[in-house]
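Chain by chain, the residues:
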Amino acid sequence: MATPAFAATMMLLLLWWPAHNILLASFAWRTGRSRRSVASRGEGLEFWIVIPALNEERVVGNTVRNALSLGTERNPVRVLVIDDGSDDGTPEVLREVRDPRLHVLRRDLPHARQGKGEALNAGYRYIHRLCEAEGSVLKTIVGIIDGDGRGSPGMLREVADVFGDRGVGAVQCRVRIHNRRSVLALLQDLEFGAVADASQSLRDLAGSVGMGGNGQFSRLGVLRRFDPAPWSDCLVEDLELGLRLHVAGIRMRYVKSAWVTQQGLVDLRRLLRQRTRWAQGNLQCARHLRKLLASRHVGSIGLLDFLAYLVTPWLTVPLSLVVSLLFVGTLVASWSGVTLGGLIAPPSALPGAALIGVVVLLVPGLVWAVVHRLRLGEEPLRRCLLAGLLYPAFLVLGVIATWRALFRVLARRNSWTKTERLSEDEVVPAGVA
């Protein structure tokens, strides 16, 4: 028969999931530290926005025009598109954008298509050479916006104000989804605009901000410390760069008042493929655990956060096995009456246990649905609640992706097919909060 201690442990594990999400959701209301005292130091900073492009003819024209529009007299911008061996109409689309601030770096095979990290390294070396010749390395900020990205109005002003603190070496902006007509895309916006935003707000306080592939900004002088290749061949080269910066003692900040929107995937097969790549990259990043543990620059709270999101992907597979076995055991107990020595609730208790399980499962998604509605206010409450109810299934997709990623790691498979973009008939506005 199960002991009271065992029952208490199972109850704590059951309640941990909703409690964790409710606590995390409270950070969605955090606005960050005041920057007024150092904002004026952001004047005169110059920006390069780097857009890695491989077969981006459907979106890159709008992305380039948006990036060029972000510059101001206070913070001028130049845009570098890295055409990484495109064989569609990307070069023609870029030639139609006639602006002296636009630079195009064409890479051809066999040097092209070696991964996003290698393309970004080529872009870094291009910018570094120009800025060294100009003597502008120390006042240059390098930002990354994906081929489908759109920066928010006033974005560079917000980012420059944070860099007004000379102790800040990198900044990550908020990420949103701009094509939210489908529920699947709305789920991704729930993930980025609510869950990830609250997580990054907490990490901004704990000193463990993570870098994303879209909307990341770094001082050129900081990137030069990793010359000639700041980015690696990791499948999540953005996250890994952030870990390397933390190990090196580079201070990073998160800014929710400036954001980048991107396309959400509206096809389950493509979304699963994307998440498998991300999961495999997260598994690869566990190799930095030893350096993080040894770094004198990483605080205790930040280290706990790093441990949580670097170790969790490796625990997903065994934990999902345990949950599956408990589920099967529950079905067996309901049919046979055998409770496995009290490990499984007796048939008479199963209806109540099932009700509690469903409530615990649904509460986190509904919490994030309310956060999305109250904090962003762009979607009707009924759509937010629908996305919240489907959120557990969205998480199951992530578990499946992690299983696939683990098999790819064991098979030493690292090659990937780029996710195809959706067509855009008109310029997508960036004005989503």
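Residues numbered from 1 in each chain as written. Predicted model: local features only at pLDDT ≥ 70, side-chain atom pairs only at ≥ 80, totals over all residues. Heavy atoms only, no water.

A. Local environment of the environment of P91. Its place among the elements puts P91 in helix α3 (residues 90-95). For the pair formed by P91 and R106, sequence separation is 15 residues and the distance between their alpha carbons is 8.8 Å. Leaving out residues up to four positions away in the same chain, P91 has contacts with D83, S86 and R106. (Helix = DSSP H or I, 4+ residues; strand = E, 2+ residues; numbered from the N terminus. Contact = heavy atoms within 4.5 Å.)

B. Quick peek at the packing of helix α6 (residues 183-206) against helix α13 (residues 381-410). Put simply, α6 and α13 touch, their axes get as near as 9 Å, and they point 85 degrees apart. Put simply, α6 runs roughly perpendicular to α13. Here V183, L186, L187, Q188, L190, E191 and V195 of α6 come into contact with α13, specifically with R383, C384, L386, A387, L390, Y391 and F394. Of the residues contributing to the contact of α6 with α13, the split by class is 11 nonpolar, one polar and two charged. (Axes fitted to C-alpha atoms, helices over the stretch in contact; angles between N-to-C directions. Parallel < 35°, antiparallel > 145°, perpendicular 65-115°, else oblique. Nonpolar A, V, L, I, M, F, W, Y, C, P; charged D, E, K, R; others polar.)

C. Inspection of a nonpolar patch on the surface at higher detail. Among the surface-exposed residues, W29, V370, L374, L381 and L385 lie close enough to one another that they form a single nonpolar patch of about 450 Å² accessible area. Breaking the nonpolar patch down by element, the ones donating at least two residues are α12 (350-376) and α13. Looking at where W29 falls in the secondary structure, it is placed in the loop between α1 (4-25) and β1 (46-53). Judged by relative accessible area, which is 42%, W29 ranks as partly exposed. (Patch = residues over 30% accessible without salt bridge, like charges linked within 9 Å, V, L, I, M, F, W, Y side chains within 5 Å. Areas by Shrake-Rupley, 256 points an atom, 1.4 Å probe, with all protein chains shown as cover. Salt bridge = Lys/Arg side-chain N within 4 Å of Asp/Glu carboxyl O. Buried < 20%, exposed > 50% of the residue type's maximum accessible area, 1.4 Å probe, protein only.)

D. Main features of the packing of aromatic side chains. Applying the stated criterion across every chain yields a total of five aromatic pairs. Judged by centre distance (6.1 Å) and plane angle (40 degrees), the ring pair of W403 and F407 falls under tilted. With W403 and F407 both in helix α13 and four residues apart, the pair spans about one turn of that helix. (Phe/Tyr/Trp six-rings, centres within 6.5 Å; stacked < 30°, edge-to-face > 60°.)

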